[in-house]
Amino acid sequence: GIGQIERMKDYAKQNPNDLNVRMSLVQILGFTRRIDEAELFIQEIFQANPKDIRFYQSIGAVYSTAGKSDKALEAYEKGLVIDSNNPGSYLGLASIYAQQGRIEEAIKNYEKVLELKPDSPNIMKLYADLLRDNGKKREALAMYKRSLEMLPTA
């Protein structure tokens with residue numbers, strides 16, 4: 001899609017209500033390290049206040065990839081206003097909090113993910129790694145065992 005950026009921008013100008021083209025631009029620009037260029041389209045999406053949580057999760061992922069963790073947190077939190085029972089947003093928050101060293105907040109969000117989606121052995125493993133790396137070895141071992149019960153080949 002990189003070769004289509006200018007055409008997509010023109011299309012976005014001509015179609016102010018098309019949030020999908022804006023989201024595509026955000027993703028392409030963000031992942032090609034042009035996050036500053038993507039900001040205009042992010043703001044347009046936020047102003048439209050879509051009721052689809054995937055917009056907020058995608059923006060959170062783009063910001064996170066671009067190293068803008070505070071803005072990523074904001075995007076995930078906006079998504080939770082739309083749907084407070086979506087495990088994807090909590091997983092995004094957990095990841096960013098863990099990167100920032102905000103371990104208790106990361107733990108809280110991992111627990112929420114597993115409350116909403118208890119059949120996620122790969123997420124259990126990520127959570128167990130976080131627990132292990134932060135001195136909570138007993139809790140980590142319990143989580144590893146729980147994960148292995150679901151995915152014994154891991």
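An account of the accompanying structure is given in this report. Small disclaimer: the values here were computed from a predicted structure and weren't measured.

**Considering the overall build of the protein chain**
Helix and strand content of the protein chain: nine helices and zero strands. Start at the N end of the protein chain and walk to the C end: the helices and strands fall as α-α-α-α-α-α-α-α-α. Judged by the C-alpha coordinates and their principal axes, the protein chain covers about 55 × 30 × 25 Å. Here the protein chain holds 154 residues, and the buried ones make up 41% of them. A separation threshold of at least 6 residues defines the contact pool for the protein chain, and within that pool the share at least 24 residues apart is 43%.

**Here we look at the nonpolar core**
Among the nonpolar cores identified, the biggest contains 45 residues, and L25, V26, I42, I45, I59, Y127 and L130 are the most heavily contacted of them. Ranked by residue count, the leading element in this core is helix 2 (residues 19-31), at seven residues. If we ignore the near neighbours within four places in the chain, the residues touching L130 are A98, I103, A106, I107 and Y110.

**Some remarks on the side chain of D18**
Take D18: it is sitting in the loop between helix 1 (5-14) and helix 2. This buried residue, D18, is left without a salt bridge; R22 holds the nearest opposite charge, at 5.6 Å. Polar contacts involving the side chain of D18 include one to the main-chain amide nitrogen of V21, which spans 3.1 Å.

**Quick look at unusual backbone geometry**
Despite not being glycine, R33 shows a phi value in the positive range, around 65°. Along the chain, the position of R33 falls in the loop between helix 2 and helix 3 (35-48). For R33, a relative accessible area of 80% translates into the label exposed. We note that N49 has phi near 50°; this positive angle belongs to a residue other than glycine. The topology assignment puts N49 in the loop between helix 3 and helix 4 (53-65). Residue classification places N49 among the partly exposed positions, given a relative accessible area of 39%.

What counts and how
Residues numbered from 1 in each chain as written. Predicted model: local features only at pLDDT ≥ 70, side-chain atom pairs only at ≥ 80, totals over all residues. Heavy atoms only, no water. Helix = DSSP H or I, 4+ residues; strand = E, 2+ residues; numbered from the N terminus. Buried < 20%, exposed > 50% of the residue type's maximum accessible area, 1.4 Å probe, protein only. Contact = heavy atoms within 4.5 Å. Core = buried A, V, L, I, M, F, W, Y, C linked by side-chain atoms within 4.5 Å. Lys, Arg positive; Asp, Glu negative; His and termini not counted. Salt bridge = Lys/Arg side-chain N within 4 Å of Asp/Glu carboxyl O. Polar contact = N/O pair within 3.5 Å; in protein donor to acceptor, adjacent residues only side chain to side chain.

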